Amino acid sequence: MTAIQKKAHNPIAHLTAADIEELGRELDAIRDRVLASRGEADAAYIRKVITTQRRLELGSRAVLLFSLFPPAWVVGTLGLAVAKILENMEIGHNVLHGQYDFMRDPKIHSTTWEWDHVSPAEQWKHSHNQLHHTYTNVLGKDNDLGYGIMRVDEDQPWHPVHLGQPLWNLVNACFFEYGIAAYDLELGHNLRKGRHKAPEFRARARAVGRKIRRQFLKDYVIHPLLSGPSFLSTLAATFTANLIRNLWSHSVIMCGHFPEGVETFEKTSIEGETRGEWYLRQMLGSANISGSRLLHIMTGNLSFQIEHHLFPDLPSCRYQEVAPEVRALFARYGLTYTTGALPKQVASAWWKVIRLSLPNRSTETPAPPPADALPHGSEERQDALATASV
C-alpha cells in the first residue's frame with residue numbers, strides 16, 4: 001500500500017505485505033464469527049429501538065400541540081429532536097446498510113425502509129454504501145471526505161476560496177440533511193459537467209424534490225396546522241428539532257472522518273488493493289468517540305466508526321462487543337487507534353477544517369541573500385563572505 005508513503009511519517013512502514021494480509025484474515029474471522037451469531041437478540045434490539053423512537057416522536061408531537069406554553073415547547077422540541085436523531089442514526093443509517101436484512105422482516109429491510117430525511121433512501125444507499133464505504137478517505141473518490149466542498153489534506157492544492165470553508169462547513173452543519181441530498185445527487189459535479197439536463201439526473205432530482213416536499217409538508221404544514229393556535233410555536237419547535245438533529249449528525253460524522261490522526265489516501269493507492277489493504281485503509285481512515293452506552297446509541301453506534309468501517313454489515317449493537325478485539329489488533333500491529341471524548345474529537349475536526357482553510361506553512365528555511373546583494377562594510381556582508389570562503 002503506497003497510499004501514505006509521501007507523508008512525513010508513514011504509519012505502516014513497519015508492516016510487510018504478509019503482515020497486512022494476516023491482519024485481514026484476523027479481521028475476517030471476527031466478522032464471520034459475529035455474522036454467524038446474529039439472531040433474536042439483535043432483532044429484539046432494533047425492534048425495541050424502533051418502538052421507543054416512534055413512541056417518543058408521537059408523544060413529543062402531542063406535547064407540541066400545546067407549544068404556546070413554554071414548558072411544553074421545550075419538552076416537545078427536545079423530545080422531537082432526540083426522536084429524529086434516533087431515527088436517522090441508530091435506525092435509518094443502520095437499517096439502510098442492510099445490517100438487519102437477516103431478519104427477513106419486510107418492514108425492517110434495506111430495500112423497503114424510507115427514513116425521516118430529505119435524501120431518498122435509494123440515492124443515499126448508492127452514495128454512502130457503494131461509494132463512501134468502498135473508497136473511504138480516497139481523495140477525489142470519496143465525496144464524504146469534506147463533502148466535496150472542503151480541503152481536507154495538506155497535499156490538496158490551496159486556493160483562496162478555501163478561506164471560507166469554516167463558514168460553509170457551519171452552514172452545512174445547520175442544514176446537513178439538505179447538504180447530504182445535494183451530495184447524493186452529486187449536484188456540484190453534474191452542474192460543472194453540464195449534466196444537469198441529462199434524463200438520469202433530472203429523474204433523480206425529481207425524486208429528491210418529492211422527498212423534500214413530503215418532509216416539508218409533514219414537519220412544517222400538517223403538524224403545525226394540527227396545533228391550531230400553537231401553529232407558529234410548533235413550527236418554530238419543529239425547525240429547532242431539525243436544526244439540533246442536523247448539528248448532531250454533522251458533529252458525529254465529522255468526528256468519524258476529520259480529526260487529527262485520520263489518514264487520507266491517493267487514488268493510485270487502491271489500484272490492485274487486497275482485502276487486507278482495504279481493511280487497513282478503513283482502520284487508518286476512521287476515528288472513534290469514547291463515551292457512555294447512551295452516547296453510543298445516540299450516535300447510531302458511529303462512535304465506533306472504526307468498527308463500522310471495518311464491518312458495515314454487522315448489526316450496530318455489536319460494535320461495542322468487537323471493539324476491544326479490534327483495538328488489540330491495532331496495538332499488536334503497531335497502529336494508532338484514534339479515539340477521544342466527543343468535545344475533543346469535535347474540536348480536533350473543526351481545528352483541521354480551520355487549519356486547512358489556510359495555505360500550508362513552509363517548513364523550509366529561506367536561503368540567505370548572496371554577499372554581493374548586501375551593503376558594503378555591513379556585518380552581514382562580512383559573515384556571508386566568511387561563510388562562502390569556508
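Conventions used here
- Along every chain, residues carry numbers that run from 1 in the direction the sequence is written.
- Totals for whole chains, interfaces and linings use every residue, but because this is a predicted model, local features are given only for residues with pLDDT of at least 70 and side-chain atom pairs only at 80 or more, for both listing and counting.
- For side-chain calculations, the full set of non-hydrogen atoms in the structure is used, while hydrogens and water are omitted.
- Secondary structure is summarised from DSSP: a helix means a run of H or I of at least four residues, a strand means a run of E of at least two, and numbering begins at the N terminus for each.
- In this scheme, a residue with accessible area under 20% of its type's maximum is buried, one over 50% is exposed, and one in between is partly exposed, where area comes from a 1.4 Å probe on protein chains only.
- We call two residues in contact when some of their heavy atoms are within 4.5 Å.
- We define a nonpolar core as any set of buried Ala, Val, Leu, Ile, Met, Phe, Trp, Tyr and Cys residues linked to one another through side-chain atoms lying within 4.5 Å.
- Confidence of the predictor in every single residue is expressed as pLDDT, which spans 0 to 100.
- The length a helix should cover is 1.5 Å for every residue beyond the first.
- In this analysis, the protein atoms alone were mapped onto a 1 Å grid. Cavities are point sets where a 1.4 Å probe fits without being able to get out; pockets are open sets with protein on both sides within 12 Å along at least five of seven lines; lining residues have an atom within 4 Å of a point.
- Grid points are joined across faces, edges and corners, and a volume is the space filled by probe spheres set on the points.
- Residues are grouped as follows: Ala, Val, Leu, Ile, Met, Phe, Trp, Tyr, Cys and Pro are nonpolar; Asp, Glu, Lys and Arg are charged; all remaining types, including Gly, are polar.

Colleague: Hey, could you run me through the environment of Trp-350 in this one?
Modeller: Among the structural elements, Trp-350 can be located in helix H14 (residues 342-355). The exposure class of Trp-350 is partly exposed, given its relative accessible area of 24%. Remark: the alpha-carbon pair of Trp-350 and Leu-170, spanning 180 residues in sequence, is separated by 9.7 Å. Among all residues touching Trp-350, those that are not within four sequence positions of it are Pro-166, Asn-169, Leu-170, His-250 and Met-254.

Colleague: Looking at this structure, I do not really get unusual backbone geometry. What am I missing?
Modeller: The phi torsion at Asn-137 lies on the positive side, around 60 degrees, for a residue other than glycine. Mapped onto the elements, Asn-137 comes out in the loop between helix H4 (121-132) and helix H5 (165-174). Even without glycine at this site, Glu-186 takes up a positive phi of about 50 degrees. Topologically, Glu-186 is positioned in the loop between helix H6 (176-184) and helix H7 (187-192).

Colleague: Which parts of the structure should I look at to understand the nonpolar core?
Modeller: The tendency in soluble globular proteins is for nonpolar side chains to be buried side by side. Among the nonpolar cores identified, the biggest contains 30 residues, and Leu-23, Leu-27, Leu-280, Met-283, Leu-310, Phe-311 and Leu-335 are the most heavily contacted of them. Listing elements by their share of this core, those giving two or more residues are helix H1 (17-37), helix H10 (275-284), helix H12 (305-310) and helix H13 (319-332). Discounting chain neighbours no more than four positions away, the residues touching Leu-335 are Pro-11, Ile-12, His-14, Leu-15, Leu-23, Leu-280, Met-283, Leu-284 and Phe-330. Of all hydrophobic cores here, the second largest spans 26 residues; its members include Ile-91, Tyr-100, Trp-124 and Phe-176.

Colleague: Please clarify how the confidence of the model for the chain should be interpreted in this entry.
Modeller: Close inspection of predicted coordinates is inappropriate in any region flagged by low pLDDT. Taken over all residues, the pLDDT of the chain has a mean of 89, while the share at 70 or more is 89%. Note on residues 363-367: pLDDT is under 50 here. Beyond four places in sequence and across chains, it has zero contacts. Note on residues 384-390: pLDDT is under 50 here. Beyond four places in sequence and across chains, it has three contacts.

Colleague: What exactly am I supposed to notice about helix H3 (residues 70-96) here?
Modeller: The α-helix winds at 3.6 residues per turn, so residues separated by three or four positions along the chain end up facing the same way. Between its terminal C-alpha atoms H3 stretches 37 Å, which fits the 39 Å expected from 27 residues at 1.5 Å a residue. Counting buried positions over the 27 residues of H3 gives 20, a clear majority of the element. Remark: Gly-98 follows H3 within two positions and exhibits a positive phi of approximately 85 degrees.

Colleague: Would you mind going over empty space enclosed by the protein with me for this structure?
Modeller: Summary: where empty space remains is shown by rolling a probe the size of a single water molecule over the atoms. Inspection of the entire model under this criterion finds four cavities of 30 Å³ or more. In this structure, the largest cavity encloses a volume near 290 Å³. What lines the largest cavity is a set of 23 residues, and nearest its centre among them are His-93, Trp-124, Phe-176, Ile-180 and Ile-253. The residue inventory of the lining of the largest cavity, partitioned by class, reads eight nonpolar, 12 polar and three charged. Considering the residues around the second largest cavity, the lining is formed by Lys-84, Asp-116, Val-118, Glu-177, Tyr-178, Gln-215, Phe-216, Asp-219, Tyr-220, Asn-242 and Arg-245. Counting residues per element, the ones that place at least two in the lining of the second largest cavity are H6, helix H8 (199-226) and helix H9 (231-257). For the lining of the second largest cavity, the leading source of residues is H8, giving four residues. Looking at side-chain class alone, the lining of the second largest cavity contains four nonpolar, two polar and five charged residues.

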